[in-house]
Amino acid sequence: MPEQILLCVPGPWADAVELGRAIASTAFGYELAGGLLVKTETRQAFPTQLQGPDPKLVGLFQSGGQGRMPKEALDEIGAHRTVLYVLCDGRSPEHAKAMLDVGRALVAAGGLGVKVETSGKALSAAAWERCAPGGPGDLYWAFVVLVGQVQGMHISCGMHHFNLPDVAVPGDVHQYEAADLMDRFNLYRMTQNPPLRSGATFSLNDDAPKYLLRLVESAFPANDPFHNPHGEWHLAHA
């Protein structure tokens, strides 16, 4: 798959004309022109596609939100009239920050939520807005999802947006402990960029369990938008 970031934003807009007016009315400085969402100050352009309503969208947001989507937000998404897809060519923390801003602009224009098609993560409009500062934790919360029991492992999906491998934890680790371990391991790499290697060990602290690191291929096939070309770190019991 090409190295891209793809966002899905359901909205109340009847058509592209109404969408364009709504975008122009925000203070984020974007315009919709010829199928491109353009940041007027920098002229950075993002290809878009506006489609009709999708009856599967509520279920996808519910699963991508992992039980955190408020019922009111899901009800609003269920009443959407159109769905906008926005594409960014390239992946890096800078590209992710640009798409965070794009999502905020679309939420300000009436977007009902944001789903990251290249990881499956879904947030309500209010939750996406809370990621506004754009720090490592904000980007992580917006773009990375944790998935249980893929090939017998708990795994993260979405670290490829930052050109980093994902992480996988043995399935026998309790899901809450696994989630804490994966979150802290991923954020450690995003903030510290440590020199990791296969065969080394990792633990959260001196008293925590130790894990043996091994870099392997992504659990998702190469033609899957969730595929991480940088692979994933397997944390095995040491």
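Structure report, in brief. (Residues numbered from 1 in each chain as written. Predicted model: local features only at pLDDT ≥ 70, side-chain atom pairs only at ≥ 80, totals over all residues. Heavy atoms only, no water.)

**Brief notes about the pairing of strand E4 (residues 45-51)**
In step 1: Two strands pair when backbone bridges link them, and strand E3 (residues 36-39) and E4 are joined in this way by three bridges, in the antiparallel orientation. Note on E4: the bridge partner recorded for Leu37 is Phe46.
In step 2: Hairpin remark: E3 followed by E4, antiparallel, with five residues in the connecting loop; positive phi at Arg43, about 65°.
In step 3: With four bridges joining them, E4 and strand E5 (residues 82-89) adopt antiparallel strand pairing. Bridge pairing links Gln51 to Val83 in E5. (Pairing = 2+ DSSP bridges. Helix = DSSP H or I, 4+ residues; strand = E, 2+ residues; numbered from the N terminus.)

**Things to note about the sheet that holds E3**
In step 1: With antiparallel pairing, seven strands are arranged side by side in an open sheet as E2-E3-E4-E5-E1-E6-E7. Both outer strands of the open sheet, strand E2 (30-33) and strand E7 (122-124), are each paired with one neighbouring strand and no more. Recorded for the sheet is a direction-independent mean angle of 25° between the axes of neighbouring strands.
In step 2: Here helix H1 (residues 16-24) sits on the sheet in contact with E2, E3, E4 and E5, set at roughly 160° to E2.
In step 3: Running at roughly 160° to E5, helix H4 (residues 93-108) makes contact with strand E1 (4-11), E2, E3, E4, E5 and strand E6 (113-116) of the sheet. (Axes fitted to C-alpha atoms, helices over the stretch in contact; angles between N-to-C directions. Contact = heavy atoms within 4.5 Å.)

**Considering the nonpolar core**
In step 1: Ranked by size, the top nonpolar core spans 53 residues in total, and within it Phe46, Met99, Trp128, Phe143, Phe162 and Leu235 carry the most contacts.
In step 2: Counting residues in each nonpolar core, the second largest holds 11 residues, with Leu57, Leu74, Ile77 and Tyr85 among its members. (Core = buried A, V, L, I, M, F, W, Y, C linked by side-chain atoms within 4.5 Å. Buried < 20%, exposed > 50% of the residue type's maximum accessible area, 1.4 Å probe, protein only.)

**Structural notes on the state of the cysteines**
In step 1: Scanning the entire structure with this criterion turns up zero disulfides.
In step 2: Free of any disulfide, Cys88 has its nearest neighbouring cysteine sulfur in Cys8, separated by 16 Å.
In step 3: With no disulfide partner, Cys157 has as its closest neighbouring cysteine sulfur the one in Cys8, 16 Å distant.
In step 4: Of the residues examined, Cys157 reaches a relative accessible area of 1% and is grouped as buried. (Disulfide = S-S within 2.5 Å.)

**Quick word on the pattern of salt bridges**
In step 1: Tallying each qualifying case throughout the model produces seven salt bridges.
In step 2: Taking the shortest distance from any N to any O, the salt bridge between Lys71 and Asp75 comes out at 2.8 Å. Here the residue Lys71 and the residue Asp75 both occupy positions in helix H3 (residues 71-78), the gap between them amounting to four residues, near one helical turn.
In step 3: Given a relative accessible area of 58%, Lys71 falls into the exposed group.
In step 4: A salt bridge links Arg184 to Asp180, with the nearest nitrogen and oxygen atoms 3.3 Å apart. Within this pair, Arg184 and its partner Asp180 are both found in helix H7 (residues 175-192), separated by four residues, close to a single helical turn. (Salt bridge = Lys/Arg side-chain N within 4 Å of Asp/Glu carboxyl O.)

These figures come from the coordinates and say nothing about function on their own.
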